[in-house]
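So the chains spell out like this:
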Amino acid sequence: QVQLVESGGGLVQPGGSLRLSCAASGSIFRLNTMGWYRQAPRKQRELVAVISSGGSTNYADRVKGRFTISRDNANNTVYLRMNSLKPEDTAVYYCNAWVITWGTTNEFDYWGQGTQVTVSS
C-alpha cells in the first residue's frame, strides 16, 4: 500500500558529503513522522534522525552537527544531508515513515529497501 524508495547512497571519502532522498508513494492519507535509520555490519539498526510532519527534528548524538534531516511535505519526500562523513558512518541507511492510509484511522510504519553508504579513502 505504501512504498518508500531511497536514493543517493554511494562511496565517499572521509570528510565528504552525501544527500539521501526517500520518496513515499501509495495510498497515503497522512504522512506523519519520517526518519532515517542505519545498520552497519554485525550491528543493530540504529536511529539516525527523525522529523515530524510539523518539522520538529531529533538526531542521534553521533551525527549531531554533521547531518541534517528535512522534508518536502508536498512531495512526500524526506532528505538526509550528511556532511563531514566518517568511516564509522558506513552502513545501510533505511528510510522509515509512519503513515495513515486511506480507509483507516490506524498508523503503521513502513520501511524502504535501504541504500548503502560507504565512507572510505
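Residues numbered from 1 in each chain as written. Predicted model: local features only at pLDDT ≥ 70, side-chain atom pairs only at ≥ 80, totals over all residues. Heavy atoms only, no water.

The side chains of a regular strand alternate, residue by residue, between the two faces of the sheet. When strand β9 (residues 91–101) meets strand β10 (residues 107–111), the two strands line up antiparallel, connected through five bridges. Residue pairing in the sheet places N96 in a bridge with W111 of β10. Where β9 hands over to β10, the hairpin turn is made up of five residues, of which G103 adopts a positive phi near 90°. (Pairing = 2+ DSSP bridges. Helix = DSSP H or I, 4+ residues; strand = E, 2+ residues; numbered from the N terminus.)

Quick look at the layout of surface pockets now. A volume near 150 Å³ is recorded for the largest pocket. Around the largest pocket, the lining residues are R38, Q39, A40, K43, Q44, E46, R62, E88, T90 and A91. Class assignment of the residues belonging to the lining of the largest pocket gives a composition of two nonpolar, three polar and five charged. (1 Å grid on protein atoms, 1.4 Å probe; cavity = no way out; pocket = protein on both sides within 12 Å on 5 of 7 lines; lining within 4 Å. Points joined across faces, edges and corners; volume = space filled by probe spheres on them. Nonpolar A, V, L, I, M, F, W, Y, C, P; charged D, E, K, R; others polar.)

Where two cysteines share a covalent bond between their sulfur atoms, that bond is called a disulfide. In this structure the tally under the stated criterion is one disulfide. Disulfide pairing is shown between C22 and C95; the S-S distance is 2.1 Å. The chirality of the disulfide connecting C22 with C95 is left-handed, given an S-S dihedral of about -80°. Of this pair, C22 sits in strand β3 (residues 18–26) while C95 sits in strand β9; the two residues are 73 residues apart in sequence, bridging distant segments of the chain. The two residues C22 and C95 agree in class, both being buried. (Disulfide = S-S within 2.5 Å. Buried < 20%, exposed > 50% of the residue type's maximum accessible area, 1.4 Å probe, protein only.)

Moving on to the sheet that holds strand β7 (residues 67–72). What the four strands build is an open sheet, ordered β1-β3-β8-β7; its pairing is antiparallel. A single partner strand is all that each edge strand has here, and the edge strands are β1 (2–7) and β7. Adjacent strand axes in the sheet meet at a mean angle of 15° when their direction is disregarded. (Axes fitted to C-alpha atoms, helices over the stretch in contact; angles between N-to-C directions.)

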